[in-house]
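Each chain, written out:
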Amino acid sequence: MRRFGWFNATSLTLGLAFLYLPVVILVIYSFNASKLVTVWAGFSTKWYGELFRNEAFLDAAWVTLKVAFLSSTLATALGTMAAHVLVRAGRFPGRTLFSGVIYAPLVMPEVITGLSLLLLFIGIGLDRGVLTIVLAHTTFSMCYVSVVVSSRLVTFDRSLEEAALDLGCTPFDAFRLVTLPIIAPAVVSGWLLAFTLSLDDLVIASFTSGPSATTLPIKIFSSVRLGVSPEINALSTILIAIVSIGVIAASLASKRSAIRGQRDRRSAVRVP
Amino acid sequence: MRRLLIVAIPYLWLLAFFLVPFVIVLKISLSDTALARPPYFPQLDLYAGWTGVRDFLSGLDLENFAFLATDALYWKAYLSSLRIAAVSTLIALLVGYPIAYAMARANQSWRPTLLMLVILPFWISFLIRVYSWMGILGQEGYLNQLLIGVGIISDPLTILNTNVAVYIGIVYTYLPFMVLPIYASLGRMDESLLEAAEDLGCSRFQAFRLVTLPLSRPGIIAGCFLVFIPAIGEFVIPSLLGGSGTLMIGKVLWEEFFSNRDWPVASAVAIVLLLILIVPIIIFQRNEQRRQEAES
């Protein structure tokens, strides 16, 4: 075992400070009483009150949640299917193209994806609104879901599925009763990823939304362009809190299920 | 039959919402605007049969691309995006490598927590993380307050709305993409190799240069492309942190589309950006394949 030297300790400390300080400062100053964001004038929660009285923000938050829920659910279904195809289907005509279009959206600049989808929606005469944002978000986040799920499917022991088929399951039942429960953690984290990607997206939503549907990032962006504002600080703090609690809870849950899995395996070995 | 359906549904979805839109972008980039709004000229008239298709094809031209080539704004924006992305990638590598290295050398029981700490910012909204720097880097920002308060400088530094702020923004938001693949390749490394190198007379630095660095190469390459490729087309960071002098092609495309409403030119900008990205994307995918083979 090598010694964990001062150099490593310093680079870790500095690195984590760099990652977290901006966010921490933002959270602290969201409780600032002053309208001048950078001058501290005592503790206050008044910006949170202002925020909850701001109809425009609440409307945008509602639209955003709706879009995120619909698109992440659709993306999880489609992405899981795509992962299944990538890992299991073997060779079929157009396979290279298929894996190409699965991975391409991951590295595609958002401005291009947004522009091309908008031109499609206009081309087929679809009015821009919640529906078009959902379609756009589903398309790019299903690729992330399929990457997450396929990395779990690759390590999955196929003989379990074959056993179910031998015992008389239909392929669909075998998937539902055997494969799905085992890959469920990956499917759930795929859904969560799709949900956060949709909550977060500014560029693609700006291209594909119409005047009837403004999402929270669009709203934040247009008000932030003019400069820092205490209300946005408060809004950011709420979002940061939700995400942090969610991620920490999810990682604790997966840790606990890993420990339980280990215990189950151990007791399974003991039973003759 | 059901098997076919499982393949067909995601396939058709991606064809309809990913590939067809690109064909449309390509078509519009070759078209001329009729009064800056659709319909564009030429239009495909399928009812006219073969002559319709021929008229359509002969109506397409490269005029918009010729315009891009002659107007200095565009190629300057492409070059400056490439330069900003390259510089930021280099800084991210220099900042990220020591972090990944320290994580890989940390106590086994600490690693999952450290990993979570590096991943957590990635889940926090990208927009908010970029925005958080606006308060820090501004004229009356926290950084200038601190530096003046300590007495290092007497006049505030101008950082916000310059390229420096853009570098900081890109490095900050994409740092986890750099750290994670490097950590993955360093974590798998067999530490007895280092002991062997030192036994054979290497200094610690030589052992790092001759053993650790080459072994982490696939991680470095993956991390660099994961930062470089999305940084080229970045829009949010240059428009919030950059200034009027910051030229990036993502911003140009956005303005061409939303402010100038010139959709054919915006489409041509997108097509050229795509052509620029194809080479790094292919190199990246080759590297990923090799990395996966090395893992299994």
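Preceding this paragraph is the structure being described.
Starting from 1, residues in each chain are numbered consecutively following that chain's sequence as written. Starting at A for chains and at 1 for ligands, labels are handed out in the order in which the entities are written. Side-chain atom pairs in this predicted model are given and counted only at pLDDT of 80 or more, local residue features only at pLDDT of at least 70, and totals for whole chains, interfaces and linings cover all residues. Computation of side-chain values covers all heavy atoms of the structure but excludes hydrogens and water.

### Here's the deal with the overall build of chain A
Helix and strand assignments come from DSSP, with helices taken as H or I runs of at least 4 residues and strands as E runs of at least 2, each series counted from the N terminus. Of the regular secondary structure elements, chain A holds eleven helices and zero strands. Beginning at the N terminus, the succession of helices and strands in chain A can be written as α-α-α-α-α-α-α-α-α-α-α. The C-alpha radius of gyration computed for chain A amounts to 23 Å, which surpasses the reference 19 Å derived for 272 residues by more than 25%, pointing to a less compact arrangement than a globule. Overall size of chain A, expressed as C-alpha extent along the three principal axes, is 70 × 60 × 35 Å. Buried residues are those whose accessible area, probed at 1.4 Å on protein chains only, stays under 20% of the maximum for their type, while exposed residues exceed 50% and partly exposed ones sit between those limits. Every one of the 272 residues in chain A was classed for burial, and the buried ones make up 46%. Of the roughly 13400 Å² of accessible surface on chain A, 68% is carried by carbon and sulfur atoms. Asp and Glu are treated as the negative residues and Lys and Arg as the positive ones, with His and the ends of the chain left uncounted. The location of each charge is read from NZ of Lys, CZ of Arg, CG of Asp or CD of Glu. Once the 22 positive and 14 negative side-chain charges of chain A are each reduced to a mean point, those two points are 10 Å apart. It is over C-alpha atoms that the radius of gyration is taken, and the globule rule equals 2.2 Å times the number of residues to the power 0.38. Surface accessibility in these figures is a Shrake-Rupley result with a 1.4 Å probe; residues are shielded only by whichever protein chains are displayed.

### Quick notes on the overall build of chain B
Helices and strands together make up the secondary structure of chain B, namely 14 helices and two strands. Taking 296 residues into account, the globule formula puts the C-alpha radius of gyration at 19 Å, and chain B, at 25 Å, lies well above it. Taking the principal axes of its C-alpha atoms as reference, chain B extends roughly 80 × 65 × 35 Å. Classification of the 296 residues of chain B by burial places 50% in the buried group.

### Some thoughts on a positive patch on the surface
For patch building, the residue pool is restricted to those with more than 30% relative accessible area and no salt bridge; the joining distance is 9 Å between like charges and 5 Å between nonpolar side chains (Val, Leu, Ile, Met, Phe, Trp, Tyr). Salt bridges are identified by distance alone: a Lys or Arg side-chain nitrogen within 4 Å of an Asp or Glu carboxyl oxygen. There is a patch of like positive charges on the surface, built from Arg256, Arg260, Arg263 and Arg266 of chain A. Mapped onto the elements of the fold, Arg260 of chain A is located in helix α11 (residues 230-270).

### Remarks on the interface of chain A and chain B
What makes two residues a contact is simply this: any of their non-hydrogen atoms within 4.5 Å. Taken together, the contact pairs 80 residues of chain A with 81 residues of chain B. Buried area: the sum, over both parts, of the accessible surface (1.4 Å probe) that disappears when the two are put together. Carbon and sulfur atoms supply 80% of the area buried between chain A and chain B, which totals about 7500 Å² over both sides. Linking chain A with chain B are zero salt bridges, by the criterion used here. The nonpolar class holds Ala, Val, Leu, Ile, Met, Phe, Trp, Tyr, Cys and Pro. Asp, Glu, Lys and Arg form the charged class, and all remaining residues, Gly among them, are polar. Here the residues of the side of chain A that touches chain B are counted per class, giving 60 nonpolar, 17 polar and three charged.

### What about the packing of helix α1 (residues 6-29) of chain A against helix α5 (residues 111-123) of chain B?
Packing of α1 of chain A against α5 of chain B brings their axes to within 10 Å, and their N-to-C directions diverge by 30°. Put simply, α1 of chain A runs roughly parallel to α5 of chain B. Every pair of crossing elements has a handedness; the one defined by α1 of chain A and α5 of chain B is left-handed. Across from Leu12, Leu16, Leu19 and Tyr20 of chain A in α1 of chain A, the residues of α5 of chain B making contact are Leu114, Leu117, Val118, Leu120 and Pro121 of chain B. The angle between two axes is taken between their N-to-C directions and runs from 0 to 180 degrees, where each axis is a line fitted to C-alpha atoms and a helix contributes only its stretch in contact. Roughly parallel refers to an angle under 35 degrees, roughly antiparallel to one over 145, roughly perpendicular to one between 65 and 115, and oblique to any angle outside these ranges. Crossing handedness is read from the near helix: turned anticlockwise from the far helix by less than a right angle, it gives a left-handed crossing, and turned clockwise, a right-handed one.

### Remarks on the nonpolar core
Nine residue types can take part in a nonpolar core, namely buried Ala, Val, Leu, Ile, Met, Phe, Trp, Tyr and Cys, and a core is a set of them joined through side-chain atoms within 4.5 Å. With 164 residues, the main nonpolar core has Phe207 of chain A together with Val236 of chain B as its most contacted residues. With near-sequence residues (within four places) excluded, Val236 of chain B lies in contact with Leu202 and Val203 of chain A together with Phe126, Leu127 and Val130 of chain B.

### What to know about empty space enclosed by the protein
Points on a 1 Å grid over protein atoms alone make up a cavity when a 1.4 Å probe fits among them but cannot get out, and a pocket when they form an open set with protein on both sides within 12 Å along at least five of seven lines; lining residues each have an atom within 4 Å of a point. Grid points are joined across faces, edges and corners, and a volume is the space filled by probe spheres set on the points. Across all of its chains, the model carries one cavity of 30 Å³ or more by this definition. Looking at the largest cavity, its volume works out to about 60 Å³. Around the largest cavity, the lining residues are Pro22, Ile25, Leu26, Tyr29, Val37, Val228 and Asn233 of chain A together with Tyr131, Ser132, Gly135 and Tyr142 of chain B. Those elements giving two or more residues to the lining of the largest cavity turn out to be α1 of chain A together with α6 (126-137) of chain B. With four residues, α1 of chain A is the single largest residue contributor to the lining of the largest cavity.

### Focus on the side chain of Ser198 of chain A
Within the secondary structure, Ser198 of chain A sits in helix α8 (residues 171-200). Apart from residues no more than four positions distant in its own chain, Ser198 of chain A is found in contact with Val67, Ala68, Ser71 and His137 of chain A.

### Some words on the layout of surface pockets
Computed from the structure, the second largest pocket encloses a volume of approximately 770 Å³. Contributing to the lining of the second largest pocket are 26 residues, with His84, Pro171, Phe172 and Phe175 of chain A together with Ile6 of chain B lying nearest its centre. Secondary structure elements with two or more residues in the lining of the second largest pocket: α3 (55-88), α7 (158-166) and α8 of chain A together with α1 (2-29) of chain B. Within the lining of the second largest pocket, the residues separate by chemical class into 15 nonpolar, four polar and seven charged.

### Thoughts on the environment of Asp61 of chain B
Residues and elements named next belong to chain B. By the secondary structure assignment, Asp61 is in the loop between α2 (50-59) and α3 (63-70). Take Asp61: its relative accessible area is 24%, and that puts it in the partly exposed class. Once the C-alpha coordinates of Asp61 and Pro218 are considered, the two residues, 157 residues apart in sequence, prove to be 42 Å apart. With residues near it in sequence (within four places) discarded, Asp61 still touches Ser29, Leu30 and Asp32.

### A short note on the pattern of salt bridges
Residues and elements named next belong to chain A. Counting across every chain of the model gives three salt bridges over all chains. As a salt-bridge pair, Glu50 and Arg53 come within 3.9 Å of each other at their nearest N and O atoms. Of this pair, Glu50 and Arg53 both sit in helix α2 (residues 46-53), separated by three residues, roughly a single helical turn. Residue class for Glu50 comes out partly exposed when judged on its relative accessible area of 36%. The exposure class of Arg53 is exposed, given its relative accessible area of 61%. The partner of Arg176 in a salt bridge is Asp173, with the nearest N and O atoms 3.2 Å apart. In this pair, Arg176 and Asp173 both sit in helix α8, three residues apart, roughly one turn of the helix.

### Side note on the packing of aromatic side chains
Paired rings are identified among Phe, Tyr and Trp, the last through its six-membered ring, by centres lying within 6.5 Å, and are further divided according to the angle between planes into stacked (under 30 degrees), edge-to-face (over 60) and tilted (the rest). Within this structure, the stated rule accounts for 30 aromatic pairs over all chains. Centre to centre, the rings of Phe18 of chain A and Tyr172 of chain B are 5.4 Å apart; their planes meet at 80°, and the pair counts as edge-to-face. Pair noted here: Phe18 of chain A is in helix α1 and Tyr172 of chain B is in helix α8 (residues 163-187), and the two residues belong to different chains. Overall, the relative accessible area of 23% leaves Phe18 of chain A in the partly exposed class. Using a relative accessible area of 0% as the deciding quantity, one classes Tyr172 of chain B as buried. An aromatic cluster is built from Phe207 and Phe221 of chain A together with Phe235, Trp254, Phe257, Phe258 and Trp263 of chain B, whose rings are joined through pairwise contacts.

### Section: the packing of helix α6 (residues 130-154) of chain A against α8 of chain A
When two helices pack together, their arrangement is given by the angle between their axes and by how far apart the axes lie. Residues and elements named next belong to chain A. The contact between α6 and α8 brings their axes to 9 Å, and the two run at 150°. Remark: the crossing between α6 and α8 carries right-handed chirality. Residues His137, Phe140, Ser141, Tyr144, Val145, Val148, Val149, Arg152 and Leu153 of α6 touch α8, and the partners they reach there are Thr179, Ile182, Ile183, Ala186, Val187, Ser189, Gly190, Leu193, Ala194, Leu197 and Ser198. When the residues that make up the contact of α6 with α8 are grouped by side-chain class, the tally is 13 nonpolar, six polar and one charged.

### Some points on helix α11 (residues 217-232) of chain B
When the terminal C-alpha atoms of α11 of chain B are compared, their 22 Å separation across 16 residues agrees well with the 22 Å that a helix rising 1.5 Å per residue should span. By the burial criterion, the buried members of α11 of chain B are Gly219, Ile220, Ala222, Gly223, Cys224, Phe225, Val227, Phe228, Ile229, Ala231 and Ile232 of chain B. A helix is expected to reach a length of 1.5 Å times the quantity of its residues less one.

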